[in-house]
Amino acid sequence: MRWRDVKRKEHTKDALHVEEKRDYAGFWSRVMGFVTDLFIIGMPISLLMMGIFGRDELKSATAFDVISHNEAAITNAPDPYASIVQILTTMSIYVFMWHYTQQTPGKKMARTRVVDATTLQRASYFQLIIRFFAYFLSAITLFGFFIGLIRKDKRCLHDLVSHTAVVYES
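What counts, and at which threshold
- Residues numbered from 1 in each chain as written.
- Predicted model: local features only at pLDDT ≥ 70, side-chain atom pairs only at ≥ 80, totals over all residues.
- Heavy atoms only, no water.
- Helix = DSSP H or I, 4+ residues; strand = E, 2+ residues; numbered from the N terminus.
- Buried < 20%, exposed > 50% of the residue type's maximum accessible area, 1.4 Å probe, protein only.
- Contact = heavy atoms within 4.5 Å.
- Areas by Shrake-Rupley, 256 points an atom, 1.4 Å probe, with all protein chains shown as cover.
- Salt bridge = Lys/Arg side-chain N within 4 Å of Asp/Glu carboxyl O.

Asks: Please explain the overall build of the protein as it appears in this structure.
Replies: Regarding its fold elements, the protein presents 10 helices and two strands. For the protein, the sequential pattern of α-helices and β-strands runs α-α-α-α-α-α-α-β-α-α-α-β. Here the protein, with 170 residues, has 35% of them falling under the buried criterion. Nonlocal contacts in the protein, meaning residues at least 24 apart in sequence, comprise 65% of its contacts between residues at least 6 apart. For the protein, the computed accessible surface area is about 11100 Å², with 65% contributed by carbon and sulfur atoms.

Here it is as structure tokens:
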């Protein structure tokens, strides 16, 4: 047997071993983490925006009202500055937590973490920013969230776009 054939077999065994260690997080674990994050991260940000921009900001139309051309979007149009500040604040918190600890509080409760899909190591800031904005794409289509139910690797649209994965803690 040639040396390169021996090395090739070792490399194949290592690749198979890495494949076995991928324990992708299930749909319901991800949903539980997401809903928890809406309350733990989203509520304080909403209260902060109310403190900065006034209580009337909570009564303004939502992004879905604007997209669907609902009557609420015309009568209670949202303040664009407040929306931009809220999105940037939310993005900063999520991206920082995903990068620093690989988890948000909801993901920690679900015992999952966000990683680079190929290396299973810490994802880059660029990937995480793309992941954050791809959440909106998943939310608009709704299919983007449910695509994880039919995929073997359980990755949703925002994971595919950003080349990230949500895996269970080891």
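Next comes the rest of the description.
Asks: What's the story with the pattern of salt bridges in this structure? I'm lost.
Replies: Where charged atoms from two side chains of opposite charge come close, those side chains can pair. By the definition in use, this model includes four salt bridges. When the shortest N-O distance is used, the salt bridge between R30 and D159 registers 2.5 Å. Taken together, the residues span a long stretch of sequence, with R30 in helix α2 (residues 27-53) and D159 in helix α10 (residues 157-162) at a distance of 129 residues. The exposure class of R30 is buried, given its relative accessible area of 10%.

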